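What follows is the residue order along each chain.
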Amino acid sequence: MMFRTLCMILIVAGLAFSAEARTKRALIVGVGEYAELPDLRKTTGDANGYSDVFADDLGFEVTRLIDPTRIEFLEALDGFLQSIEPGDEIAFIFSGHGWSDGADNYLALTDAPLESSEFALRRQTVSLSEDVLAELKARRPGLLFAIVDACRDNPFDTGTRSVTRGLSRLEVVPGTLVVYAAGTRQKALDRLGPEDESPYSVFTRSLLPRLRDPANPLLRSVDETRSEVATLAASISHEQRPAIYSDVSLDFCFAGECRLKQMVDQETQDWIEISSVGYTAIDPCTKYARHLEKYPEGKFAAVARANLANPPCASK
C-alpha cells in the first residue's frame, strides 16, 4: 500500500514537473555578411536586439546564430528541434536575404550563390515552409511565433524572370503566428535614409519596444507595429506593410495573463481579424468598405479610407 502511494506521489510529481518543464525557446538568426550576395547593414543588430528582448524580457532560452552557412544553420536547427518539448512556446526569427519562386519562400544563408539557376537555388537555400515551419510545428509546440525580415530586393542572378522580389503568401497554420516584415512583393527597408543610424531595420525598431512588455497581447503588438511601419515607410514614399498570418488568440500574451485584455474592444478585434492577410474569405477592398460602414468614425476609419483611396482599391 505504501509502495502504491509512493508510486502515485512520484507520478503526480512527474506530471507536475513535466508541466513546469514546458519552456520558451527561440532560434534567432541574423545574416549580414555574405560571401557573394550584397551585405546587409542591420541584420546583425536585429538578431542581437531580438536575442536580448526574448532572453531578458520574455524569459526565453535563446539560440543565436550570426552569419551561418547553410549547413551550420541546418545543424543548429536540428539541435533546436531536438530540444523542443510538446507545449513549449517557440519563436523563430530570421533577418537576412530571402527570395520566392512564387510558391514557396526561401532563406539565404551566408554561402548562398550570386549566380545560379532557380532549380539549383532552391537546393542551395532553405525552404521556410518545409525546412523550418513544418519541422517546428511537427514538434507540437503550444505556440509558434515566427518573424521573417527577409523581403529585400532580389539579390540573385538566375538568368530568368521568375525569381520574385519579396516573399509570397503563406497559409495560416493553427497555433501559429507568422509575421513578414513586408507584404507580398514588397521590399523591407533597412533604414529610412542615409542619416538613419538606428542599429535596427525599420520593422525591428518598431516591434522590439512593444515585445518588451510580456503582459501586452502579442497580436496587439504586431498590429501596432504594422501600422507604424507603414507610416514610417510612407514618409519616404515607400510602400511597406508587414504581413500577418495568424491563428493565435487575441488574448494571448507571453506573461500568461494580459494586463491590457480589457482594452481590446470589439472594433479593434474586428480590425485585427480583417487586417490579417490570412483572412481570405472576402477581398481586401470589400473588407475595408464594410469596416468603414460599421465604424464610420472609429479609430481605424482614417486607415480604411486611405486603403480604399489607393491601389488596388482605387481602381475599382
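Residues numbered from 1 in each chain as written. Predicted model: local features only at pLDDT ≥ 70, side-chain atom pairs only at ≥ 80, totals over all residues. Heavy atoms only, no water.

Caption draft 1: Looking closely at the overall build of the protein. Helix and strand content of the protein: 10 helices and nine strands. Scored against the burial criterion, the 316 residues of the protein give a buried share of 49%. For the protein, contacts bridging at least 24 residues in sequence account for 72% of all contacts bridging at least 6. Carbon and sulfur atoms provide 53% of the accessible area of the protein, an area that totals close to 15,200 Å². (Helix = DSSP H or I, 4+ residues; strand = E, 2+ residues; numbered from the N terminus. Buried < 20%, exposed > 50% of the residue type's maximum accessible area, 1.4 Å probe, protein only. Contact = heavy atoms within 4.5 Å. Areas by Shrake-Rupley, 256 points an atom, 1.4 Å probe, with all protein chains shown as cover.)

Caption draft 2: Here's a closer look at a negative patch on the surface. Among the surface-exposed residues, E36, E72, E75, D78, D111 and E115 lie close enough to one another that they form a single negatively charged patch. Positionally, E36 belongs in the loop between β1 (24-30) and α2 (43-57). (Patch = residues over 30% accessible without salt bridge, like charges linked within 9 Å, V, L, I, M, F, W, Y side chains within 5 Å. Salt bridge = Lys/Arg side-chain N within 4 Å of Asp/Glu carboxyl O. Lys, Arg positive; Asp, Glu negative; His and termini not counted. Charge placed at Lys NZ, Arg CZ, Asp CG, Glu CD.)

Caption draft 3: Spatial organisation of the state of the cysteines. Applying the stated criterion across every chain yields a total of two disulfides. Across the disulfide from C253 sits C258; the S-S distance is 2.4 Å. With the S-S dihedral at roughly -125°, the linkage between C253 and C258 falls on the left-handed side. Between C285 and C313 runs a disulfide, and the two sulfur atoms are separated by 2.2 Å. Residues C285 and C313 share a disulfide whose torsion about the S-S bond is about -100°; that sign makes it left-handed. Of this pair, C285 sits in helix α9 (residues 284-294) while C313 is found in the segment after α10 (301-309), placing the two residues 28 residues apart along the sequence. Of the two residues, C285 and C313, both sit in the buried class. Look at the protein and number its bonded cysteines as they come in the sequence; the links are 1-2, 3-4. (Disulfide = S-S within 2.5 Å.)

Caption draft 4: A look at the packing of helix α6 (residues 202-211) against helix α7 (residues 218-234). It is the contact of α6 with α7, at a shortest axis distance of 9 Å, that shows an interaxial angle of 150°. You can see that α6 and α7 cross each other, and the crossing is right-handed. Contacts between α6 and α7 pair V202, F203, S206, L207, R210 and L211 from the former with L218, S221, E224, T225, E228, V229 and L232 from the latter. Of the residues in the contact of α6 with α7, the class split is seven nonpolar, three polar and three charged. (Axes fitted to C-alpha atoms, helices over the stretch in contact; angles between N-to-C directions. Left-handed = near helix turned anticlockwise from the far one by under 90°. Nonpolar A, V, L, I, M, F, W, Y, C, P; charged D, E, K, R; others polar.)

Caption draft 5: Here's a closer look at unusual backbone geometry. At R140, a position not held by glycine, the phi torsion is positive, near 55°. Summarising the element assignment, R140 is placed in the loop between α5 (128-138) and β7 (143-149). At S237, a position not held by glycine, the phi torsion is positive, near 60°. Relative accessible area serves as the criterion here: at 74%, S237 is assigned to the exposed category.

Caption draft 6: The arrangement of the environment of P141 in detail. Looking at the secondary structure, you find P141 in the loop between α5 and β7. For P141, a relative accessible area of 8% corresponds to the buried category. What P141 contacts, discounting residues up to four positions off in sequence, is G87, D88, I90 and L136.

Caption draft 7: Inspection of the sheet that holds strand β4 (residues 98-100) at higher detail. Pairing is antiparallel across the open sheet formed by three strands, whose spatial order is β4-β5-β6. Of all the strands in the sheet, the pair left with one neighbour each is β4 and β6 (126-127). (Pairing = 2+ DSSP bridges.)

Caption draft 8: Fine view of the pairing of strand β3 (residues 89-95). By the criterion of burial, β3 is predominantly enclosed, with seven of the seven residues buried. Burial along β3 is two-sided: E89, A91, I93 and S95 and I90, F92 and F94, pointing in opposite directions, are all buried. Note: β1 against β3, seven bridges, orientation parallel. Its bridge partner lying in β3, K24 is registered against E89. Here β3 pairs with β7 via seven bridges, running parallel. Across the sheet, residue E89 finds its bridge partner in β7, namely L143.

Caption draft 9: Spotlight on α9. Taken together, the buried positions of α9 are C285, K287, Y288, H291 and L292. Angular distribution of buried residues about the axis of α9 spans 160°; they occupy a single face of the element. Facing away from the buried side of α9 by over 90 degrees, the exposed positions are E293 and K294. (Arc of directions from axis to C-beta.)

Caption draft 10: A look at the environment of E228. As for its position among the elements, E228 is in helix α7. Judged by relative accessible area, E228 falls into the partly exposed class, the value being 30%. Taking the C-alpha atoms as reference points, E228 and V202, 26 residues apart in sequence, are found 9.4 Å from one another. Sequence-distant contacts of E228, that is, excluding residues within four places in its chain, are made with S206 and R210. Only 3.1 Å separates the side chain of E228 from the side chain of S206, close enough to count as a polar contact. (Polar contact = N/O pair within 3.5 Å; in protein donor to acceptor, adjacent residues only side chain to side chain.)

Purely geometric numbers; function is a separate question.
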